[in-house]
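# Structural features, examined
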Amino acid sequence: MSVAPATRVRYSHALGRNTQSGPGFNNPVDVAAAPGGRLYVVNRSNMNHAARGFLRVSICTIDEEYIGQFTTFGEGDGQVTWPSGIAVDHHVNVYVSDDHRHDVQAFDSDGNFLHRWGSLGDGPGQFYHPAGLAADAEGHILVVDSVNNRVQTFNADGRFLQAWGTAGTGPGQFNMPWGITVDRAQRVYVADWRNGRVQQLTLDGQYLASFGDREGEGRLERPADVGVDSRGNVYVSDYGRDLVQVYEPDGRHLTTLVGEGTMTKWAAPYLAADPLISGLREQYAADIAEQEPLFEGPRGLAVDEQDRIIIADSCKQRLQVYELV
């Protein structure tokens, strides 16, 4: 497929390794990009490992500088049980949704707890498995209320502002939506998971367009998250097909990314230093030309201020980064 040079996407690098704490990830399911190349990564781990400390939010840079981590497993303020989504507002406060506790927590840029809101239910300000998060230009927080099939909007203090969306397959309706983003023109994009599409809407929920809901090379099966660059190109991680679809602003399919992962800065010294895992190094070398570079369970997706596309490659414990050329 030919792609116009102005909208060509190329692989840049990968970052991460599989680790319980420190510089690395454990089942990274979402990522948020902050100014200056800083990234916040939700490590969801699994139910067996969460209580042992694998579950956390990692702070690093896109150039693989490790900064720190915050949150632990638990029910207290500042703790998480089954985190699912993350977003950063224009004050660089960080918001994390919890799929098990049915709430959203706010932290400052260093990971210090600020406040929380939400409870199980279907009323205003309540959630039933909250998922993706996004912040608009005013600092309002949009929360995908997945099983309630709607999007709710709050101010930064957690005060309920509005909700829109119902269950169904029609325009503006959802079937277990997941990821969400707001573009520079303040249009909202929602990954409509079970409907196999991404919907574009206004901030008050008025339907505008959809992406990926037709047959062909640009079709979506289980879209998990969505991002938009400064040119209006739309990126969608498809968890069901292990790929990322890219669309032009008018919805035409542009290209498909399947993953090009390479050895990361964090992983290379670890593999080189331990003679007991020399076999793993050899296996990595053998696999790198085939399966290792490919996405496996791509979930969260973010586009930073420099139009770098960051994809949480959840089953391979890393992020893959692409850029526009």
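Residues numbered from 1 in each chain as written. Predicted model: local features only at pLDDT ≥ 70, side-chain atom pairs only at ≥ 80, totals over all residues. Heavy atoms only, no water.

### Description of the overall build of the protein
Scanning the protein from terminus to terminus reveals two helices and 26 strands. The buried share of the protein, reckoned over its 325 residues, is 55%. In the structure as shown, the protein presents an accessible area of about 13,200 Å², 47% of it carried by carbon and sulfur atoms. (Helix = DSSP H or I, 4+ residues; strand = E, 2+ residues; numbered from the N terminus. Buried < 20%, exposed > 50% of the residue type's maximum accessible area, 1.4 Å probe, protein only. Areas by Shrake-Rupley, 256 points an atom, 1.4 Å probe, with all protein chains shown as cover.)

### Let's talk about the pattern of salt bridges
Applying the stated criterion to the full structure yields 16 salt bridges. The shortest N-O distance in the salt bridge between arginine 318 and glutamate 292 comes to 3.6 Å. One end of the pair, arginine 318, is in strand S26 (residues 318–324); the other, glutamate 292, is in the loop between helix H2 (278–287) and strand S24 (298–303), with 26 residues separating them in the sequence. Note that arginine 318 is salt-bridged to aspartate 313, the shortest N-O span being 2.8 Å. Considered together, arginine 318 and aspartate 313 belong to a single accessibility category, that of buried residues. It is possible to trace a salt-bridge network through shared partners that takes in Asp77, Asp98, Arg101, Asp103 and Arg116. (Salt bridge = Lys/Arg side-chain N within 4 Å of Asp/Glu carboxyl O.)

### Overview of the side chain of aspartate 229
Structurally, aspartate 229 is set in the loop between strand S20 (223–228) and strand S21 (234–238). Buried and unpaired, aspartate 229 has no salt bridge, with arginine 231 as the nearest side chain of opposite charge at 5.7 Å. Only 3.0 Å separates the side chain of aspartate 229 from the backbone nitrogen of asparagine 233, close enough to count as a polar contact. There is a polar contact of 2.7 Å between the side chain of aspartate 229 and the side chain of tyrosine 235. Those residues within four positions of aspartate 229 in sequence are excluded, and the remaining contacts are Arg184, Tyr235, Val303, Asp307 and Leu324. (Lys, Arg positive; Asp, Glu negative; His and termini not counted. Polar contact = N/O pair within 3.5 Å; in protein donor to acceptor, adjacent residues only side chain to side chain. Contact = heavy atoms within 4.5 Å.)

### Re unusual backbone geometry
One non-glycine residue, asparagine 27, lies in the positive phi region at around 55°. Among the secondary structure elements, asparagine 27 is positioned in the loop between strand S1 (9–15) and strand S2 (28–33). Non-glycine residue aspartate 242 carries a positive phi angle of around 55°. Summarising the element assignment, aspartate 242 is placed in the loop between S21 and strand S22 (243–247).

### Brief notes about the sheet that holds strand S5 (residues 66–70)
Hydrogen bonds between backbone atoms are what pair the strands of a sheet, whose relative direction is either parallel or antiparallel. Pairing is antiparallel in the open sheet, where four strands are placed in the order S2-S3-S4-S5. Sheet topology places S2 and S5 at the edges, where each strand pairs with a single neighbour. Adjacent strand axes in the sheet meet at a mean angle of 20°, parallel and antiparallel pairs treated alike. As defined by bridge partners, S2 adjoins strand S3 (residues 38–43) across five bridges and the pair is classed as antiparallel. Looking across to S3, one finds that aspartate 30 is bridged to valine 42. (Pairing = 2+ DSSP bridges. Axes fitted to C-alpha atoms, helices over the stretch in contact; angles between N-to-C directions.)

### Some details on the pairing of strand S4 (residues 56–61)
Most of S4 sits out of view: six of its six residues are buried. Residues Arg56, Ser58 and Cys60 line one face of S4 and the alternating positions Val57, Ile59 and Thr61 line the opposite face, and both faces are buried. Two elements, S3 and S4, share six bridges in a ladder whose sense is antiparallel. In the sheet register, valine 42 faces S4, and the bridge partner there is valine 57. Where S4 meets S5, four bridges bridge the pair, whose relative direction is antiparallel. Bridge assignment links isoleucine 59 to a residue of S5, and that residue is glycine 68. Linking S4 to S5, which pair antiparallel, is a turn of four residues; within it glutamate 64 sits at a positive phi near 75°.

### A short note on the sheet that holds strand S6 (residues 83–88)
Read from one edge of the open sheet, four strands run S6-S7-S8-S9, paired in antiparallel fashion. Across the chains shown, the open sheet's two edge strands, defined by having one partner strand only, are S6 and strand S9 (113–117). When strand polarity is set aside, the average angle formed by the axes of neighbouring strands in this sheet is 20°. For strand S7 (residues 94–98) and strand S8 (residues 103–107), the ladder comprises five bridges, and the chain directions are antiparallel. Among the inter-strand pairings, valine 94 is bridged to a residue of S8, identified as phenylalanine 107.

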